[in-house]
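What follows is each chain in one-letter form.
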Amino acid sequence: MSRMGDVLAGFHAAWEFESDSVLIRYERGIRTPKLFQALGERRVPLDAIAGVTLTRGRRGTVVLRVEPRPGADPLTEAAAGQLKESCDPYRLVLPAEREMLAEYYADELKSLLTESGPAERFLVEPPKGPLSFKAYDGKATFDGRTVNFRWFWTGASSAKWKAGDQTFPVGELSGVEWRSPEVFEGHLRLLRRDAGVPAVQADQDPAAVVFGLGYGPVHESLPFAAAVLAAVRTSSPVAAVSAAGPRRDPADIAERIRHLGELHQAGLVTDEEFSVKKAELLAEL
């Protein structure tokens, strides 16, 4: 840009224009979308930008927007077009009286763009970990290398209880499927390298957690999905390694065995499945 460090402040965010990037800082406040607050700030390299637009907005505003190149940002790749316009992290809404100033920066940005088409790798940094969120049927955690699903007895299906808590090294994954909690059947599903297209619903799939009733909100589940996707893209396939996990709380194991017994009595778990799963749980002590 012609003047490094120039800042253009709008509603909910301020853009700082630098020689090789745009630094977006999101405000914190009750009116700022929770996704923006969760992101905090993002540095967008100029080579991650395909274009710039300036349009009239609603109620006396103008909207400056940069268009990321396909494949440049793990967040938009994970979102797959499902974000509402108000939660688009690449839109800067300004009062109409700043239109000329916004037009100046739009022209400056356009003059510096040299790349177009899909990016070969992610150019925008993914959300920082470790990350976690509560889905309807379990808690998902990610430490940068491994995704863990721990089921809730109040929400998980019998199929997930039979399978037990799940651990997925990113090297065994091929991608992530995120379906917004703001639409029907929202979920986060991990796609495994050794598996084809999932043939079961997310609530029956041990490689997925489901959203709903306030669980898995966008500002928690989408950054999580983006971070996992970025880790998957930068990892190489690895052979599955069987290793003993950390020792579990005996009270937690007892509660799980009790719930397993309820499923058994209800006829949802066979005698053999009950015996095998109970032995697995006891082995974790």
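Only a predicted model underlies this, so the values are computations on that prediction, with no experimental measurement involved.

**Things to note about the nonpolar core**
Alright, step 1. With 67 residues, the main nonpolar core has Leu-188, Phe-224 and Val-228 as its most contacted residues.
Alright, step 2. The element best represented in this core is helix H5 (residues 218-234), accounting for eleven residues.
Alright, step 3. Excluding anything up to four places from it in sequence, Phe-224 contacts Leu-131, Ser-132, Phe-133, Ala-140, Thr-141, Phe-142, Val-147 and Leu-188.

**Observations concerning helix H3 (residues 99-112)**
Alright, step 1. With 14 residues, H3 extends 20 Å between its outermost C-alpha atoms, agreeing within 8% with the 20 Å of an ideal straight helix rising 1.5 Å per residue.
Alright, step 2. Within the sequence span of H3, burial applies to Ala-102, Tyr-105, Ala-106 and Leu-109. All buried residues of H3 fall inside an arc of 105° around its axis, so they share one side. Of the residues in H3, the exposed ones pointing more than 90 degrees away from the buried face are Met-100 and Ser-111.
Alright, step 3. The secondary structure elements touched by the buried residues of H3 are strand S1 (6-9), strand S2 (13-17), strand S3 (21-26), strand S5 (49-56), strand S6 (61-68) and strand S7 (91-95).

**Focus on the sheet that holds strand S10 (residues 146-151)**
Alright, step 1. Ordered in space as S8-S9-S10-S11, the four strands form an open sheet in which the pairing is antiparallel. Two strands lie at the open edges of the sheet, namely strand S8 (131-134) and strand S11 (166-169), each paired on one side alone. The sheet shows a mean angle of 10° between the axes of neighbouring strands, taken without regard to direction.
Alright, step 2. Note: strand S9 (residues 138-142) against S10, five bridges, orientation antiparallel. Within the sheet, the bridge partner assigned to Gly-138 lies in S10 and is Trp-151.
Alright, step 3. Across the face of the sheet, H5 comes into contact with S8, S9 and S10 while running at roughly 140° to S8.

What counts, and at which threshold
Residues numbered from 1 in each chain as written. Predicted model: local features only at pLDDT ≥ 70, side-chain atom pairs only at ≥ 80, totals over all residues. Heavy atoms only, no water. Core = buried A, V, L, I, M, F, W, Y, C linked by side-chain atoms within 4.5 Å. Buried < 20%, exposed > 50% of the residue type's maximum accessible area, 1.4 Å probe, protein only. Helix = DSSP H or I, 4+ residues; strand = E, 2+ residues; numbered from the N terminus. Contact = heavy atoms within 4.5 Å. Expected span 1.5 Å × (residues − 1). Arc of directions from axis to C-beta. Pairing = 2+ DSSP bridges. Axes fitted to C-alpha atoms, helices over the stretch in contact; angles between N-to-C directions.

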